Amino acid sequence: HDDGLIGISLNFLSQALPAFAIAGYLKKEYPGIKIIMGGGLVTSWIKGPGWKNSFKGLVDEMVTGPGEEYLRDLLNIRERAAHVRPQYDLSPGDQYISPGFILPYSASSGCYWQKCGFCPERAEGNPYRPVPPDTVLDDLSLLIEKHRPSMVHILDNAISPALLRHLIKRPLNAPWYGFVRITDHFKDKGFCLDLKRSGCTMLKIGIESGDQGVLDALDKGLDLTTASIVLKNLKEAGIATYLYFLFGTPPEGEKEARHTMEFVKRHIDYIGFMNLALFNMPLNHPDADRYNRNQFYEGDLSLYTSFEHPKGWGRAKVRAFLDNEFRRDPDIREVVKRNPPFFTSNHAAFFYPW
Ligand code: SF4
């Protein structure tokens, strides 16, 4: 009806076409309806340089950041709750393509580290907002009891050590996985075994490079000697690892990329799954102009820009190295092949042990 209000959450570029198709359909069939769009991708677009709203007439308002406050104001709701437990009653959890229902839960927004060079999270200056660990555990135990998920996905950019300790104290009644940074806590094998007992089935970790100089230049706060110990401990504790490597960052040249390949080969027995990515320069990074950036193509809605690599280690060379050498190594190929077809890293835990 005339006062109808529809909110659409758009988080990933792959959702953009369906999201705008839904908006277009609604506007055509119900011209009086008001459409509001928000979500991670919309926030990044609006916070990016030179944002121009090209969707006027299709979307009435585009909103940055968490949408709850905005919707409350719009609907004249005066109560303010410090924390609201997520509701999954309306989501068709059993209709997603997945080996089982995964319950997603954000224990924080932003990132507690917030230092890595070229991280969009940092470039956008998104504040770190953690939910208190005891509240997280209260929420999760109620949600698990109600929805009986096959797994819990803790969606944080990096689960904080404080929350990991709480998970150990109050184990979940369902297996869980999520992203962590490598910290000294994991050097203690007892800590890794306790995490396993808490339900931890897989940890996703951004190692990015096997070259300490590159890691330091990127401010990853990651020490490769520690990483070696941690990967071994996690393997022995029975926790799968999903490692992310990033090639073609500005401080990396061919020599450093080869160090990454050597690191992977040295730790091949401790790596569960692997993601190999080519570096993209975030559009709104303050240093991006130093690298002669260019739009990938006109009207690009991507959050990234092309750039001239300072060491001549551009995308074509990186891609050739990955395709012709890295992925062809017999040991590495075996690990890469484990990535479950049709599914993403978010479902890999279902396929462990392989
Ligand atoms: S840990 Fe991840 S989210 Fe946090 S600053 Fe580094 S790359 Fe960004």
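Residues numbered from 1 in each chain as written. Predicted model: local features only at pLDDT ≥ 70, side-chain atom pairs only at ≥ 80, totals over all residues. Heavy atoms only, no water.

1. Focus on the domain arrangement of the protein
- Under the domain assignment used here, the protein contains domain 1 (5-74) and domain 2 (99-351).
- The distance between the C-alpha centroids of domain 1 and domain 2 comes to 29 Å.
- Each side of the interface is counted separately: domain 1 has 9 residues, and domain 2 has 9 residues.
- Contact with domain 2 buries area across many residues of domain 1, yet Ser-44, Lys-47 and Pro-49 alone supply 52% of it, more than any other trio.
- At the surface where domain 1 touches domain 2, the tally comes to 1 residue pair in polar contact (both at pLDDT 80 or more).
- Here the residues of the side of domain 1 that touches domain 2 are counted per class, giving 6 nonpolar, 2 polar and 1 charged. (Domains from an automatic or database assignment. Contact = heavy atoms within 4.5 Å. Buried area = accessible area lost by both parts, 1.4 Å probe. Polar contact = N/O pair within 3.5 Å; in protein donor to acceptor, adjacent residues only side chain to side chain. Nonpolar A, V, L, I, M, F, W, Y, C, P; charged D, E, K, R; others polar.)

2. Observations regarding helix α7 (residues 189-197)
- Phe-191, Cys-192 and Leu-195 are the residues of α7 that are buried. For α7, the angular spread of buried residues about the axis comes to 100°, placing them on one side.
- On its buried side, α7 packs onto α6 (161-169), β8 (176-180), β9 (200-208) and α9 (224-237).
- At the N-terminal end of α7, a side-chain oxygen is found 2.9 Å from the backbone nitrogen of Gly-190, two or three residues along, and the residue is Asp-188.
- Downstream of α7 by one or two residues, Gly-199 has phi in the positive range, about 110°. (Buried < 20%, exposed > 50% of the residue type's maximum accessible area, 1.4 Å probe, protein only. Helix = DSSP H or I, 4+ residues; strand = E, 2+ residues; numbered from the N terminus. Arc of directions from axis to C-beta.)

3. Points about the pattern of salt bridges
- Within this structure, the stated rule accounts for 21 salt bridges.
- With a closest N to O distance of 4.0 Å, Glu-69 and Arg-80 form a salt bridge. Here Glu-69 is found in helix α3 (residues 68-74), whereas its partner Arg-80 is found in the loop between α3 and β4 (102-105), with 11 residues between them in sequence.
- By relative accessible area, which is 45% here, Arg-80 ends up partly exposed.
- Between Arg-85 and Asp-139 there is a salt bridge, with the nearest N and O atoms lying 3.0 Å from each other. Taken as a pair, Arg-85 in the loop between α3 and β4 and Asp-139 in helix α5 (residues 133-147) lie far apart in primary sequence, 54 residues in all.
- Look at Arg-85 and you get partly exposed, because its relative accessible area is 35%. (Salt bridge = Lys/Arg side-chain N within 4 Å of Asp/Glu carboxyl O.)

4. A closer look at the site of the ligand
- Residues in contact with the ligand, as listed here, are Cys-111, Trp-113, Gln-114, Lys-115, Cys-116, Cys-119, Asn-157, Arg-181 and Lys-220.
- Looking at the shell around the ligand residue by residue, the classes come out as 4 nonpolar, 2 polar and 3 charged. (Near = heavy atom within 4 Å.)

5. With respect to the packing of aromatic side chains
- Taken as a whole and judged by the stated rule, the model has 16 aromatic pairs.
- Pairing Phe-20 with Phe-55 gives two aromatic rings, centres 4.2 Å apart and planes at 15°, and the pair type is stacked. Here Phe-55 lies in the loop between α2 (40-47) and β3 (61-62) and Phe-20 lies in helix α1 (residues 16-29), a separation of 35 residues in the sequence.
- Take Phe-55: its relative accessible area is 11%, and that puts it in the buried class.
- Lys-115 extends its terminal NZ or CZ atom over the ring of Trp-113, reaching a point 4.4 Å from the ring centre.
- Just above the ring of Trp-113 sits the side chain of Arg-181; from NZ or CZ to the centre is 3.8 Å. (Phe/Tyr/Trp six-rings, centres within 6.5 Å; stacked < 30°, edge-to-face > 60°. Lys NZ or Arg CZ within 6 Å of the ring centre and 35° of its normal.)

6. Details of the sheet that holds strand β10 (residues 240-247)
- Within the open sheet, the 6 strands sit side by side as β4-β7-β8-β9-β10-β11. Their pairing is parallel. Each edge of the open sheet carries a strand with a single partner, namely β4 and β11 (273-278). Put simply, the sheet's adjacent strands are angled 20° from each other on average, direction ignored.
- Looking at chain direction, β4 and strand β7 (residues 151-154) are connected through 4 bridges and run parallel. From the neighbouring strand, Leu-103 faces β7, where its bridge partner is Val-152.
- Where α5 meets the sheet, its contacts fall on β4 and β7, and the angle it forms with β4 comes to roughly 155°. (Pairing = 2+ DSSP bridges. Axes fitted to C-alpha atoms, helices over the stretch in contact; angles between N-to-C directions.)

7. Things to note about the pairing of strand β2 (residues 34-38)
- In terms of burial, β2 is a largely internal element, 4 of the 5 residues being buried.
- Here strand β1 (residues 5-9) pairs with β2 via 5 bridges, running parallel. What sits directly across from Gly-7, in β2, is Ile-36.
- Considered for its hand, the β-α-β crossover made up of β1, α1 and β2 is right-handed.
- The sheet contact formed by β2 and β3 spans 2 bridges and is parallel. In the strand pairing of β3, Ile-36 is matched with Glu-61. (Right-handed = clockwise from strand over helix to strand, strands pointing away.)

8. So, unusual backbone geometry
- For the bond from Tyr-352 to Pro-353, the omega torsion is -5°, close enough to zero to count as cis.
- Its identity as a non-glycine residue notwithstanding, Gln-114 has a phi of 55°, on the positive side.
- The topology assignment puts Gln-114 in the loop between β5 (108-109) and α4 (120-123).

9. What to know about the nonpolar core
- Membership of the largest hydrophobic core comes to 57 residues, with the highest contact counts inside it found for Trp-176, Phe-186 and Leu-203.
- The element best represented in this core is α9, accounting for 6 residues.
- When near neighbours in sequence (up to four residues on either side) are disregarded, Phe-186 contacts Leu-164, Val-180, Arg-181, Phe-191, Cys-192, Leu-195, Leu-203, Val-230, Asn-233 and Leu-234.
- By size, the runner-up hydrophobic cluster in this structure holds 16 residues, among which are Ile-8, Leu-10, Val-42 and Val-59. (Core = buried A, V, L, I, M, F, W, Y, C linked by side-chain atoms within 4.5 Å.)

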